[in-house]
Amino acid sequence: MEKPLKHTPESVLVTGGAGFIGSNYLLRMVRKYPDVRFVNLDALTYAGNLANLHEIEEASNYRFVRGDISDSNLVDSLFEQFRFTTVVHFAAESHVDRSIEDPLAFVRTNVTGSTTLLDVARHHWVENGNASRMRFHHISTDEVFGSLGLDGRFSEDTPYAPRSPYAASKASSDHFARAYAETFGLPVIISNASNNFGPFQFPEKLIPLVISNALDLKPIPVYGRGENVRDWLYVEDHCAALDTILHFGSDLRTYLVGAGNEVPNLDLVRSLVDLVDRTLDRSEGTARKLIRFVKDRPGHDFRYALDVSRIQEELGWEPDHTLEDGLKKTVDWYLSNKGWLDSVRDDSYLHYYDRMYTDRLNSGGN
Ligand code: NAD
Ligand code: DAU
């Protein structure tokens, strides 16, 4: 059955497009839709990297603007200049461990920044009476639902129960997005995805950290006993889902995006390091010797798992990659892009990593 088109993007503001998911999204969308204009607003924090976008930087339908989403004057002037029909909002502080160290940075970008964007969009779209042909796609996470035990899955109706400052800040931005839709009639759509992995992910996150430490023969930290479970989604499958949601999703609707790949962390780490060894033709077990059980993350969510029947049934989306295919592509990408890894692991990141992990590695597992 043909799906009815719900939104036609013409001029799109993408925030956080130099980050991991945002850059994968832009690489897909700028090439797939040459008649649609994409403006990438990114502050280029430690997590943003313009090199990710090298393949599209000269495209006539793509522009980059460096700036902060909390700067309402800047966002307003971009709305004036580019007459956006669409906002796809990725920009965020995204790492749970950093949110435990500096929660207020997460409030500034994820709460104040997101609400600034919503407010400028309201001013330009709702007050001008043309909101019905616009769309504000707010990109969120499954972490807003909290932590599962051994059974059950999150659905779109699961009550919010965030447990880390990161999750609380994302939950807050989801609430503001919904409040702007209900109160002001802003055409908001929200998607909440599970753990993404793939090319261009900053190496503070589990999968690229394990690959890069296995490559460099450095200790591989596993929090607690490695029993926590995540539901892994290959980033290109997430971006395909976002493309579908943008065009065919319904206003004021939430869609969960996941691929049903639940794995306990230790099992994932073992498969990954074995894959790195095989790809590098090293003797079996080389990288397994690097695994260290370290002090657990405070408030560590035990398990995430998603019921994705809504996006499958209403929008016909299915992931194209098995977990195995996605991990193979990811390992191959990192091993062929050592230059990218070295460039993002600058002095300030190495300093952060040493501070975070020396203590954890010395404390051992619990
Ligand atoms: P990321 O940390 O890799 O990238 C974030 C980007 O936002 C960077 O380019 C950064 O420079 C930019 N940014 C940060 N603060 C900004 C500000 N104040 N103004 C403008 N730009 C700013 O993040 P990611 O992993 O690509 O995640 C993107 C979005 O998807 C986030 O909203 C995140 O919550 C959500 N999400 C991520 C995952 C995941 O597994 N990575 C899963 C579900 C949802
Ligand atoms: O669920 C979606 C979320 O997934 C996104 O919203 C977040 O932006 C993203 O960072 C991710 O959050 P997690 O905390 O699940 O991802 P992270 O890669 O930090 O950790 C994955 C699991 O691995 C988690 O259980 C903690 C554990 N871990 C992590 C690191 C960095 C380790 O055991 N060792 C590590 O060194």
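All figures in this text were calculated on a predicted structure; none of them were measured in a lab.

The rules we used
Residues numbered from 1 in each chain as written. Chains lettered and ligands numbered in written order. Predicted model: local features only at pLDDT ≥ 70, side-chain atom pairs only at ≥ 80, totals over all residues. Heavy atoms only, no water. Near = heavy atom within 4 Å. Polar contact = N/O pair within 3.5 Å; in protein donor to acceptor, adjacent residues only side chain to side chain. Areas by Shrake-Rupley, 256 points an atom, 1.4 Å probe, with all protein chains shown as cover. 1 Å grid on protein atoms, 1.4 Å probe; cavity = no way out; pocket = protein on both sides within 12 Å on 5 of 7 lines; lining within 4 Å. Sits in = over half its atoms within 2 Å of the grid points. Axes fitted to C-alpha atoms, helices over the stretch in contact; angles between N-to-C directions. Helix = DSSP H or I, 4+ residues; strand = E, 2+ residues; numbered from the N terminus. Parallel < 35°, antiparallel > 145°, perpendicular 65-115°, else oblique. Left-handed = near helix turned anticlockwise from the far one by under 90°. Contact = heavy atoms within 4.5 Å. Nonpolar A, V, L, I, M, F, W, Y, C, P; charged D, E, K, R; others polar. Points joined across faces, edges and corners; volume = space filled by probe spheres on them. Pairing = 2+ DSSP bridges. Phe/Tyr/Trp six-rings, centres within 6.5 Å; stacked < 30°, edge-to-face > 60°. Buried < 20%, exposed > 50% of the residue type's maximum accessible area, 1.4 Å probe, protein only.

On to the site of ligand 2. Neighbouring ligand 2 are 24 residues, the closest being Asp-142, Glu-143, Tyr-166, Arg-297 and His-300. Here Leu-206 contributes a backbone N or O atom positioned 2.8 Å from an oxygen atom of ligand 2. Contacts to ligand 2 include Arg-230, whose side-chain N or O atom sits 2.8 Å from an oxygen atom. For ligand 2, the protein covers 95% of the area, taking 700 Å² as the surface of the free molecule. Because more than half of its atoms lie within 2 Å of the grid, ligand 2 is assigned to the largest pocket.

Two elements in contact, helix 8 (residues 265–279) and helix 10 (residues 323–336), have axes separated by 10 Å at closest approach and are oriented at 55°. Judged by the angle between their axes, helix 8 and helix 10 are oblique. Taken as a pair, helix 8 and helix 10 cross one another with a handedness that is right-handed. For the pair formed by helix 8 and helix 10, the contact residues are Leu-268, Leu-272, Leu-275, Val-276 and Thr-279 on the first element and Leu-327, Lys-328, Val-331, Asp-332 and Leu-335 on the second. Classifying every residue of the contact of helix 8 with helix 10 by side-chain character gives seven nonpolar, one polar and two charged.

This part covers the layout of surface pockets. Empty space within the largest pocket amounts to approximately 1,100 Å³. Every residue lining the largest pocket is counted, 50 residues in all, and those nearest its centre are Ser-94, His-95, Tyr-166, Gln-201 and Lys-205. Taken together, the elements giving at least two residues each to the lining of the largest pocket come down to helix 1 (20–32), strand 2 (37–42), helix 3 (96–101), strand 5 (135–141), helix 5 (165–184), helix 6 (206–216) and strand 8 (220–223). Tallied by class, residues from the lining of the largest pocket come to 21 nonpolar, 18 polar and eleven charged.

With that out of the way, let us pick up the site of ligand 1. The immediate surroundings of ligand 1 are formed by 28 residues, with Ile-21, Asp-42, Ser-94, Tyr-166 and Lys-170 found nearest. One of the backbone N or O atoms of Gly-19 is found 2.9 Å from an oxygen atom in ligand 1. Within the side chain of Ser-94, a nitrogen or oxygen atom sits 2.6 Å from an oxygen atom of ligand 1. With the chains in place, 96% of the 840 Å² that ligand 1 exposes on its own is no longer accessible. Of all the cavities here, the one that holds ligand 1 is the largest pocket. Secondary-structure elements contributing two or more residues to the shell around ligand 1 are helix 1, strand 5 and helix 5. The element that contributes the greatest number of residues to the shell around ligand 1 is strand 5, accounting for three residues. When grouped by side-chain class, the residues that make up the shell around ligand 1 number 13 nonpolar, twelve polar and three charged.

Examined against the element boundaries, Asp-277 turns out to sit in helix 8. Engagement of the side chain of Asp-277 in a polar contact is seen with the backbone nitrogen of Ala-287, the distance being 2.9 Å. Dropping the residues within four chain positions of it, Asp-277 is found in contact with Arg-282, Ser-283, Gly-285, Thr-286 and Ala-287.

To continue, consider the sheet that holds strand 4 (residues 86–89). Strand order in the open sheet formed by seven strands is 3-2-1-4-5-6-11, and the pairing between neighbours is parallel. Each edge of the open sheet is held by one strand with a lone partner, namely strand 3 (62–66) and strand 11 (254–257). Between one strand axis and the next, the sheet turns through 20° on average, direction left out of account. Set on the sheet, helix 1 makes contact with strand 1 (11–15), strand 2, strand 3 and strand 4; between it and strand 2 the angle comes to about 160°.

The next thing to look at is the packing of aromatic side chains. Counting across every chain of the model gives 21 aromatic pairs. With centroids separated by 5.5 Å and ring planes inclined at 65°, the aromatic side chains of Phe-197 and Tyr-234 adopt a geometry described as edge-to-face. In this pair, Phe-197 is assigned in strand 7 (residues 196–197) and Tyr-234 in strand 10 (residues 233–234), connecting sequence segments 37 residues apart. Note on accessibility: Phe-197 and Tyr-234 belong to one class, buried.

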